[in-house]
Amino acid sequence: MATDKTIGLALGGGGARGIAHIVVLEAFDELGLKPAMISGTSIGAIMGAAYASGMSGHEIRERAVGFYSQRRAVLSKLWQARPAMLTDLFRGRFLRSQFDPEAVLESFVPGYDLLPERFEDLKIPLKIVSCDFYGWAETVLETGPLKPAIAASIAIPSVFKPMPIHGRMQIDGGAFNPLPYDHVSSCDLVVACDVAGGPVGEPDHYPSLLEVVVGAAQISMQAIMAERMKWHQPDILVQPDTNGIFVLDFLKTELILERNQDVKDDFKRRLELAMEAEELFDQDEAIRARITEPRHPEDNDAQQRTL
């Protein structure tokens, strides 16, 4: 699908639910389109970096499915990166003992070693969002070392240690901007993929400490996005089916992808329609400009001589 329109792609935070970003990336590939710019928060930063580095959506899928389908190998790698007893962490205990985000990325994200060291070496411009803990503001990283920026963006409070960037402590970007479509708004068309989700369960169920910590963060992210949507919305908002997927459910990668095949097909249809509408709008504008174009004085003289 050939076009001269620029597309901005924003990939939101949501832990394992962000595996669903892959179907959006595959849709771009299958339509023969590429974003002109990508922004990402948390898992969106990981997926955005992989795609911006030149990996195809299919390649990212193959790596994710191949790795996360090996339950024993995954748990072994996670065990090696553990800050304390892994079982206690998943039960919501000893949350003072936090994972090192850089160590987890290196051992737990397939293909992470293939990423370039610097933003400048990416094939598509990328903006990664983290949150300045003491500055109460977002940090947008788009130059310099790439991997520390990703580590900062995924630093979920109580799960990961904060990450220092330029001498300032950073936490997960979802704390301030969970779906950073505003950072690609300079493009002709803006696509945003929201995987934030929220707590799911019976109303009288007592959640664990970890469920409360993560669930509270999700509720905050939903509140932030709802407020932002009041003032400015992306042209296309994709919301994959991630119900029942917990933030650490990476072992459900294949299920997440299978569940969202219809979401991919629907997004492809919507993106094609949006691109066609943009082209028609441009044609209409060009015709209107020709109709309203003021005549040159010599044209008027020629008309008078003819009469």
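This report concerns the structure included in the present document.

Cut-offs and rules
Residues numbered from 1 in each chain as written. Predicted model: local features only at pLDDT ≥ 70, side-chain atom pairs only at ≥ 80, totals over all residues. Heavy atoms only, no water. Core = buried A, V, L, I, M, F, W, Y, C linked by side-chain atoms within 4.5 Å. Buried < 20%, exposed > 50% of the residue type's maximum accessible area, 1.4 Å probe, protein only. Helix = DSSP H or I, 4+ residues; strand = E, 2+ residues; numbered from the N terminus. Contact = heavy atoms within 4.5 Å. Axes fitted to C-alpha atoms, helices over the stretch in contact; angles between N-to-C directions. Parallel < 35°, antiparallel > 145°, perpendicular 65-115°, else oblique. Left-handed = near helix turned anticlockwise from the far one by under 90°. Nonpolar A, V, L, I, M, F, W, Y, C, P; charged D, E, K, R; others polar. Salt bridge = Lys/Arg side-chain N within 4 Å of Asp/Glu carboxyl O. Phe/Tyr/Trp six-rings, centres within 6.5 Å; stacked < 30°, edge-to-face > 60°.

This paragraph deals with the nonpolar core. Counting 73 residues, the largest nonpolar core has Phe28, Leu126, Leu146, Ile150, Val191, Phe267 and Leu271 as the members making the most contacts within it. Among the elements that make up this core, the one with the highest residue count is helix H2 (residues 43-52) (eight residues). Non-local contacts of Leu271, meaning those with residues more than four positions away in its chain, are made with Ile7, Phe28, Leu31, Leu33, Leu189, Val191 and Ile236. Listed in part, the 12 residues of the second largest apolar core include Val184, Cys187, Ala192 and Met229.

Another aspect to go through is the packing of helix H1 (residues 21-31) against H2. Packing of H1 against H2 brings their axes to within 10 Å, and their N-to-C directions diverge by 30°. Taken together, the axes of H1 and H2 lie roughly parallel to each other. In the packing of H1 onto H2, the handedness of the crossing is right-handed. Residues His21, Ile22, Leu25, Phe28 and Asp29 of H1 touch H2, and the partners they reach there are Ile43, Gly44, Met47 and Tyr51. Looking at side-chain class alone, the contact of H1 with H2 contains six nonpolar, two polar and one charged residues.

Applying the stated rule across the entire model yields 15 salt bridges. For the salt bridge of Glu227 with Lys230, the shortest nitrogen-to-oxygen distance reads 3.2 Å. You can see Glu227 and its partner Lys230 sitting in helix H8 (residues 209-231), three residues apart, about one turn around the helix. What makes Lys230 exposed here is its relative accessible area of 61%. Here Asp241 makes a salt bridge to Arg259, at a shortest N to O gap of 3.6 Å. On the criterion of sequence distance, the pair formed by Asp241 in the loop between strand S8 (236-238) and helix H9 (253-259) and Arg259 in helix H9 is long-range, its members being 18 residues apart.

Applying the stated criterion across every chain, the model contains eight aromatic pairs. Seen from their ring centres, Phe67 and Phe108 are 6.2 Å apart, and the 80° between their planes marks the pair as edge-to-face. Note that Phe67 is positioned in helix H3 (residues 57-68) and Phe108 in helix H6 (residues 101-108), a separation of 41 residues in sequence. The exposure class of Phe67 is buried, given its relative accessible area of 12%. The exposure class of Phe108 is buried, given its relative accessible area of 9%. Pairwise contacts between aromatic rings join Phe67, Tyr68, Phe108 and Phe250 into one cluster.

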